[in-house]
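# Remarks on the overall topology
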Amino acid sequence: MDSIPLLPVLQGLPDDHPAAIYNAAESDKLPLPVWSNGAYDSLVKDGHLPLTVDSQRSLLHKILLYSHSSSVAATSLKLSLVDGAVVRASIQLHESRWIVLIGVTMCQPAILKNIKIEDLTPVGQLIFKYDWASTPLGPLSTWPQSLKSIVSIMLSTPAQCCVFWGPERTLLYNDAWAKGSASKHPQLLGQPGRIAFKEIWDPFSQHCDLVYSGEAQSKDDDLLFFDTAGQPGYDRLTSGHLETYYSWTYIPVRVEDGSVGGIVNNCIETTQKVLSERRMRMVRMLAERTSTAQTTVAFWDAVFDVLRTNERDLPYVLCYTCVSRPSGTESGSNEGGDTNSDFGGSEGSSCLSRGCLRNQLTLVGSIGVEPGHPRASPKLVNISDPGASEDYWPFAAACAQTEPLLAKNPCPEVFESRGWGDPISGAVCITLTNSDGALTGLIIFGLNTRRLYDDDYSGFHTTLVRNLSSSLSAVQSFEQELARADELRTLDRAKTAFFQNVSHELRTPLTLIRGPCDDALRDNHETLDPVNKTRFKLIYRASGRLLRLVNSLMLFSSAEARRLQGHFCPVRLGPVTTDLASLFRSATERAGLDFNVTCGDPNDERVAYVDIGMWEKIVFNLLSNAIKYTKSGFINLNVLFTSSEVILRVQDSGCGIPEDQIELVFSRFHRVEVADGRSHEGTGIGLALTNELVKLHGGTIRIQSTLGRGSVFTVKLPLGYTHLLQRDVHHEVKTHNDDVGSYAATLVEEATSWLGEDSDTASTLSQGSSLESVIAPERFSVLVAEDNADARTYIKSILLTVVSDVVAFPDGQAALDHIHEHGRPDLIVTDVMMPRMNGIQLLAALEGDDDPNVQAIPVIVLSARAGSETDDRSEGHLFQTAVDFLAKPFSSTELISRVQTRLRAVRQQQELERQVRERTKELKVTKQRYQRMSELSPVAIFETEEADRDVITYANERFFTLVGLPRCLPLDFSDVLRRVAPNNHEAAQSAWAEAVNEGKPVHFDFVFANGKNTFVEIISLNDGRLLGTLTDQTEQRRFAAEQLNSERAKADEAVHQRRLQEAFIDIVSHELRNPLSAIIQSAEILAGSVSRLTDIIQSFKGMIDSVEARRLFSESEVELEDARHAVSSVSLCARHQSIIASDILAVSRLDSHLLNIKSITFYLTDELEAILAMYSIQAAAQGIKLNLTTDPDIGRDTCILADPTRFCQILVNLISNSCRILETWDGERLINIEVSLSTTRPFGSMHAQTAEDGSRVWLVVRLSDSGPGIPLDDQARLFTRFNDVNSGNGVRRASSLGGTGLGLYLCKKLAELQGGQIRHMSAPGQGAAFSFFIEARRAAQAGVRRPLSVRSSSPLPRSNTSTPTQKPLNDNPHLLECTNGGSVHVPLSPSFEVPRSTKLILIVEDNLINQRLLQRQLEKARFLTITANNGMEALQVLEATLEDESKIYPSVILMDLEMPILDGLEATRRIREWEKEGKLPASRLPIFAITGNARQGQVDAALGAGMDRVYIKPYKVAEIIEQIDLDGFPQ
């Protein structure tokens, strides 16, 4: 490249001339330059020129042209960079290899100078990537500088801004404008104005025309409707237009020639501002209009007047109030008649009821729809009816929630098209609630058809409804207060009139009471005895108090009604007040109080205008009140004169008044509930009357009081008379009241009664009661609590007539103290209204006393309240104590009756208590006896509490010893559970919970953490308690565990012995079968050789004809015949030995429980013919004829599901026994075999029914021979072990083979294992006959028809199938004579297309004798063979065939299982793995197992490892050859 002549020229180019050199060989993509100058490098980003897509294609196209042709002339092109810059370049090819690019950078657009495109806003990047060439504006590079500048300004403006440019008013805008256009961005970019704003273009085009004439345009809060059709989220707008407001300006932009080239549009969306102002203006107006409403009618009128002003946000409105009516009242329906509502009044404030009221919504007004439409605006709505239907408003759903509920208009056609005139849209339902959150109404607001229901819209409705709810609640509360005030005024007037009437009506009976009493007491004749005289005094005093109360009521009602007229005259108030106060001197002294009266100088002539009778009542009421509530200390009375007023001040050191009660003491009928007063009597009008009397004098009364320290009453009266009514003023001086004695006497007498009983009166009444008593009083004690002394004396006198002991106290506290100090009385008689502690408090104190005897005291409550018993109980005073209520007034007879009733109950209770004590004593003795027994019990015993079953209240010593807890009761059972071992805790907890919760008897075991095994039994007693026992079973469990471990050890030892026995059986089986197999195979080879030698001699015999030759031939024939007999004997002995070994191994497996039955499907006739073929040679040699007879229903294709190996083993043993017996029999030698299938059990005690599917059958075999039979002595032990039964003649030939005595025993066991039996049926001398059967099932076809070769533990060598006709073996066409000097019976290959000479058989056998014998026999059958001593050598043979293609790949592998280095199972697994991995040329190479392991588990293991067939030694080579001919082809 350094040799390029242009290189120095390129290096000297100016800074705005980029240059680069490309290698023409790099032509598959846009290559990187191999050289570039500084101007080029300044344009490069990320290693490449930032070209547009079109420029990249153009440059690559040019480079490709030069890369593929050297004759292309120089060319020029225009390259556009993504930032808007343009490079004008030329390209030429130099030296057929170098492509040289030389260019010049054009001016960059103004709006992109010194700006990186990634630094621009998203809309800015979109503008510079936009294909402006397709618009009237043209490419970005061709824009005039004025447009570029205004676009730069627009993009940097934070507010909404757009540009309309050119005649088409092509639209450009910034990011703020794009955000405001919502879903229309980015489709609007580059669009003409008439398309972008088609919905508002008509008016705006006129503004644009004015701007293009050079005149700027602007507008504030301009209403614009944008089309929302097809835009997501605007489906609810029925009009398809969106209400928006903008403040905008249109400013002309002049281009280089001075004309207007475009418009700059600066706009601000003011939609939220306009809507908020409109809505808040209405809310403010609503608050102003409703604040002046005082009735609900005026309130709703104001509401509807304001709501009508906002048609756009509220096109229609429905307002309902919630009215609660009794459930029996018909609420009407949605289609009911016109109901003229007065807007609710107090009903309008009703809330949803809780079950006793049926609630209705009542329409109070509507906007935009006529009221009364059954679906659109029903006047009455039952909100308890859900009525969830699209044909009605969802009233119930809306009232059931506090959030606004959007609803579909059920009948839009009846509504007016207010607002925008669009089709009616949906609505929102919002509830009205009061301050407690209770429902008071429901409002349905129609929604703006051109605005979405967003948070601001919802907030407007919420604010509106909140203001309506608070204003409505205020109006309703005001109405209720007015109604309540009217009601109270009416009630006050009614009470006043009532008391006036009652007071008037009471005077007449009082006159009739007091008159006769006064006459009787004034009579000088001694007509009254002391008792009756005392009684009249009680009546007279009581009637006097009643008269004073009546007078007070009359006076109070007159004063309150302003009908009381005073008689005000000048009075020397100091001396008069002193005289009045002196009347209470004796009472205060008797009460032990310091009574201080200070009324100034007695000679003081200053006067005050007062009504002396009223002044008397003021002074007496204040003094009596002080005595009543002052139990110790002092009472001070002072009268002071000032220049303008006279002051009466009464001070005491009594109990005081609670601070919250001070302002109420002058209210009528108000009584201060204080505990420390002398009496609880009073009406609550004394101080109220005093206040009214002070007001009549134009004065005031004030109270200063401290609770517990006393009170001060201050009365201030103005001096003079100008403040009084002149008609009531009299100027004559008055010094006293003529009637002062009567009023004062009653008050003083009442005050005296508070201080204690009149002893004379009490003793007199007591004497009179004792004289009148006819029956001697019973020995009971009664306590009386009554604050009124006369009543207390009277009640005591009555009670002394029936009981011997009565004590009386003035209040409940004194009575309670007496009970605690002197013991409980038998009965308590108490008043309700008493000082310190009233009757109800006394009952509560008795009930809460710690002594149960005090709690059980019966009580009779006396109450002066009308219906006091009902009142007291209704206040919640439900006492467990026996309480009886007796209302005052009562007669002595009624009181005595109640007392006697209670005392009888006390007597009965005492008797019951005596019986209970005796019974308790007996129970205690019984409990002690039970505890002694439980303590001596070896079992842990516990009991739980009746109320709380988790708490143990009794447990014996054994319980704590077993649990391991300290002896401490009561005990929570959870403490016991915590000592349970963690693995038993959950089960114990569950069982205990079942006993506690369900009361069921439970039994469970658990182990304590200390290791003690415990058995728990829990039962539920009748009284609810739980009784449980815990038995320590640790020793029993330990002994049981030891026994279990011992049994497990024995079982493990048995398993170990079984495994050893199984291993021994396997070893014996393997070691016996290997030599037997060699013997039999050798005998077969020898037999073939002898046969072949005989044939050779016969051939030579025809060739050589001489005497010597004939002699030699004759001797040879004799020798060969001897050899043939010797070989037959060897073969026969070996086969007999094989059967014996199989029997011994089978019996051993039976004893070890290792012998299993494996049922498979097989052809019955094939198995029978195979057995006959096996005995054909022996039968022919011994002259025995074998006959097989089968039932007609057994054919060639009859298949049976059973175990053919065990079935054949039974039959072989029976045939062997018969052959052995017939061998020594000189008579006819015949064995008959009869085979049949039966659907019923042939014999035996069980008679099973046919299986449900009808497939179960019994395979029955009867075998008989013509021998001597079995002696009677031997028949009884036929099927026992080691029973070698002799023949009937007792003769055995020398050549006869003996038995082990296990054959018949094994036949019996095998038959039973297969669900069958065997029996002997012949008589001595008539031959032996056996019959056996096994359980089987009929089956479908058994697949390929050939004798089964795989037999677990089979003692039978398999041979080719022969027919019952016993065709000679020499006639079998499948036998082949060998020409190698011997004869062997070898089956011919059924497939002549693949001759045996091409098949290689790999023999893997560690026993060299068996290996060589098998190899010799296979080679005689014309197979190719190769041998291996173990599995590893076999794998090496396969690997060798892969490495050397000249070597033949085996067709079949005959593999032993037990071999050194690598056994047959592992070798087979590796071969199968190699086949899966594709390492071997065939996907499946046949592998046959030849093994002495006859156990079924070993056979299954071989098949599981991948072997195809298993042949058990000794085997028939002919069967293996036949199977090789069938399967010996690798797949």
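The structure contained in this document is the topic of the report that follows. The residue numbers shown here count from 1 along each chain, following its written sequence. Only residues with pLDDT of at least 70 are given local features in this predicted model, and only at 80 or more are side-chain atom pairs given and counted; all residues enter the totals for whole chains, interfaces and linings. Note that water and hydrogens are dropped before the side-chain values are worked out from all heavy atoms of the structure.

### Comments concerning the overall build of the protein
- In terms of regular secondary structure, the protein is built from 40 helices and 48 strands.
- Under the scheme applied here, a residue whose accessible area is under 20% of the maximum for its type counts as buried, over 50% as exposed, and between as partly exposed, the area being computed with a 1.4 Å probe on protein chains only. A total of 1531 residues make up the protein; the buried ones form 47% of that total.
- Whether two residues are in contact is decided by their heavy atoms: any pair within 4.5 Å suffices. Sequence-distant contacts, at least 24 apart, represent 67% of the contacts inside the protein between residues at least 6 apart.
- For the protein, the accessible area works out to roughly 74,200 Å², and carbon and sulfur atoms hold 52% of it. Secondary structure counts use DSSP, requiring at least four H or I residues in a row for a helix and at least two E residues in a row for a strand, with both numbered from the N terminus. Values of accessible area rely on a 1.4 Å probe in the Shrake-Rupley scheme; residue burial ignores everything except the protein chains shown.

### So, the pairing of strand 10 (residues 260-269)
- In terms of burial, strand 10 is a largely internal element, 7 of the 10 residues being buried.
- Both strand 6 (residues 160-165) and strand 10 contribute to a ladder of 6 bridges, which runs antiparallel. From the neighbouring strand, Cys162 faces strand 10, where its bridge partner is Asn265.
- Each pair of strands is called paired provided DSSP finds at least two bridges between the two strands. Where strand 9 (residues 241-254) and strand 10 come together, 9 bridges link them in antiparallel fashion. Counted as the bridge partner of Tyr250 is Asn265 from strand 10.
- Joining the antiparallel neighbours strand 9 and strand 10 is a turn of 5 residues, in which Gly258 adopts a positive phi near 90 degrees.

### A look at the packing of aromatic side chains
- Side-chain rings of Phe, Tyr and Trp (the six-membered ring for Trp) are treated as a pair once their centres are within 6.5 Å; stacked means planes under 30 degrees apart, edge-to-face means over 60, and tilted covers the remaining angles. Per the stated rule, a full pass over the model turns up 24 aromatic pairs.
- Each member of the aromatic cluster is reached from another via a ring pair, and the members are Phe942, Phe959, Phe960, Phe973 and Trp992.
- Whether a charge sits over a ring depends on NZ of Lys or CZ of Arg being within 6 Å of the ring centre and within 35 degrees of the ring normal. The residue whose ring lies beneath Arg279 is Tyr457, and the NZ or CZ to ring-centre distance is 4.5 Å.
- Arg1319 extends its terminal NZ or CZ atom over the ring of Phe1243, reaching a point 4.0 Å from the ring centre.

### So, the sheet that holds strand 1 (residues 19-23)
- If you trace the 5 strands from one edge of the open sheet to the other, you get 2-1-5-4-3, paired in antiparallel fashion. On the outer flanks of this sheet lie strand 2 (35-36) and strand 3 (75-80), each paired with one strand and no other.
- Lines fitted to C-alpha atoms define the axes here, with helix axes fitted over just the stretch in contact, and angles between the N-to-C directions of these axes take values from 0 to 180 degrees. Its contacts with the sheet place helix 3 (residues 53-68) against strand 1, strand 3, strand 4 (86-94) and strand 5 (98-105), and it is angled at close to 150 degrees to strand 3.

### Here's the deal with the pattern of salt bridges
- Whenever Lys or Arg places a side-chain nitrogen within 4 Å of a carboxyl oxygen from Asp or Glu, that contact is recorded as a salt bridge. According to the stated counting rule, one finds 45 salt bridges in the structure shown.
- Glu1335 is paired through a salt bridge with Arg1256; the nearest N and O atoms lie 3.3 Å apart. Remark: Arg1256 occurs in strand 39 (residues 1256-1265) and Glu1335 occurs in strand 41 (residues 1329-1338); sequence separation between them is 79 residues.
- Among the residues examined, Glu1335 registers a relative accessible area of 30% and is labelled partly exposed.

### Some points on a nonpolar patch on the surface
- On the surface, Phe1100, Met1103 and Ile1104 cluster together into a nonpolar patch covering about 320 Å² of accessible area.
- Secondary-structure assignment places Met1103 in helix 29 (residues 1034-1103). Patches here: salt-bridge-free residues with over 30% relative accessible area, like charges joined within 9 Å, nonpolar side chains (Val, Leu, Ile, Met, Phe, Trp, Tyr) joined within 5 Å.

### Brief notes about unusual backbone geometry
- With an omega dihedral of 0 degrees, the bond running from Leu969 to Pro970 counts as a cis peptide bond.
- Residue placement: Pro970 occurs in the loop between helix 26 (957-963) and strand 31 (971-972).
- One non-glycine residue, Asp221, adopts positive backbone phi at about 50 degrees.
- Note that Asp221 resides in strand 8 (residues 217-227).
- A relative accessible area of 30% means that Asp221 is categorised as partly exposed.
- The backbone of Arg1422 sits at a positive phi, close to 75 degrees, despite the residue not being glycine.

### Quick look at the packing of helix 33 (residues 1204-1222) against helix 35 (residues 1303-1313)
- Two elements in contact, helix 33 and helix 35, have axes separated by 9 Å at closest approach and are oriented at 155 degrees. By the angle class used here, helix 33 and helix 35 are roughly antiparallel. The crossing of helix 33 and helix 35 is left-handed. Across the interface between the two elements, Arg1206, Gln1209, Ile1210, Asn1213, Leu1214 and Asn1217 of helix 33 pack against Gly1303, Leu1304, Leu1306, Cys1307, Leu1310 and Ala1311 of helix 35.
- Class assignment for the residues of the contact of helix 33 with helix 35 results in 7 nonpolar, 4 polar and 1 charged. Should an angle fall under 35 degrees it is taken as roughly parallel, and over 145 as roughly antiparallel, whereas 65 to 115 is taken as roughly perpendicular and any remaining angle as oblique. Should the near helix be turned anticlockwise from the far one by less than a right angle, the crossing is termed left-handed; should it be turned clockwise, right-handed. Side-chain classes are defined by residue name, with Ala, Val, Leu, Ile, Met, Phe, Trp, Tyr, Cys and Pro counting as nonpolar, Asp, Glu, Lys and Arg as charged, and the others, Gly among them, as polar.

### Re helix 40 (residues 1517-1527)
- Judged by how many residues are buried, helix 40 sits mostly within the fold: 8 of 11 residues are covered.
- Burial in helix 40 covers these residues: Val1517, Ala1518, Glu1519, Ile1520, Ile1521, Gln1523, Ile1524 and Asp1525.

### Re the sheet that holds strand 8
- Taken in spatial order, the 5 strands of this open sheet run 7-6-10-9-8, and their pairing is antiparallel. Of all the strands in the sheet, the pair left with one neighbour each is strand 7 (170-173) and strand 8. Ignoring which end each strand starts from, the neighbouring axes of this sheet average 35 degrees apart.
- The sheet strands contacting helix 5 (residues 145-156) are strand 6, strand 7, strand 9 and strand 10, and the helix crosses strand 6 at an angle near 165 degrees.
- Across the face of the sheet, helix 8 (residues 201-212) comes into contact with strand 6, strand 8, strand 9 and strand 10 while running at roughly 15 degrees to strand 9.

### Observations regarding the nonpolar core
- Buried Ala, Val, Leu, Ile, Met, Phe, Trp, Tyr and Cys residues form a nonpolar core when they are joined through side-chain atoms within 4.5 Å. Counting 46 residues, the largest nonpolar core has Trp615, Leu622, Leu623, Leu637 and Leu648 as the members making the most contacts within it.
- With 10 residues, the single largest contributor to this core is helix 16 (residues 612-629).
- When residues no more than four places from it in sequence are discounted, the contact partners of Trp615 are Leu573, Thr577, Leu580, Val610, Leu648 and Leu717.

### Focus: the side chain of Ser473
- Looking at the element boundaries, Ser473 is found in helix 12 (residues 455-522).
- Contacts described as polar in this section are N or O atom pairs within 3.5 Å, which, within protein, must combine one atom able to donate a hydrogen with one able to accept it, while residues neighboring in sequence count only if both atoms come from side chains. Among the polar contacts made by the side chain of Ser473, one reaches the main-chain carbonyl oxygen of Ser469 at a distance of 2.9 Å.
- Setting aside residues up to four positions removed in sequence, Ser473 forms contacts with Thr433 and Asn434.

### Considering the environment of Phe1004
- Looking at the element boundaries, Phe1004 is found in strand 32 (residues 1002-1007).
- What makes Phe1004 buried here is its relative accessible area of 9%.
- Separated by 26 residues in the primary sequence, Phe1004 and Leu1030 have C-alpha atoms spaced 10.0 Å apart.
- Each residue touching Phe1004, except ones within four places of it in the same chain, is listed here: Ala988, Ala991, Trp992, Thr1014, Phe1015, Val1016 and Ile1018.

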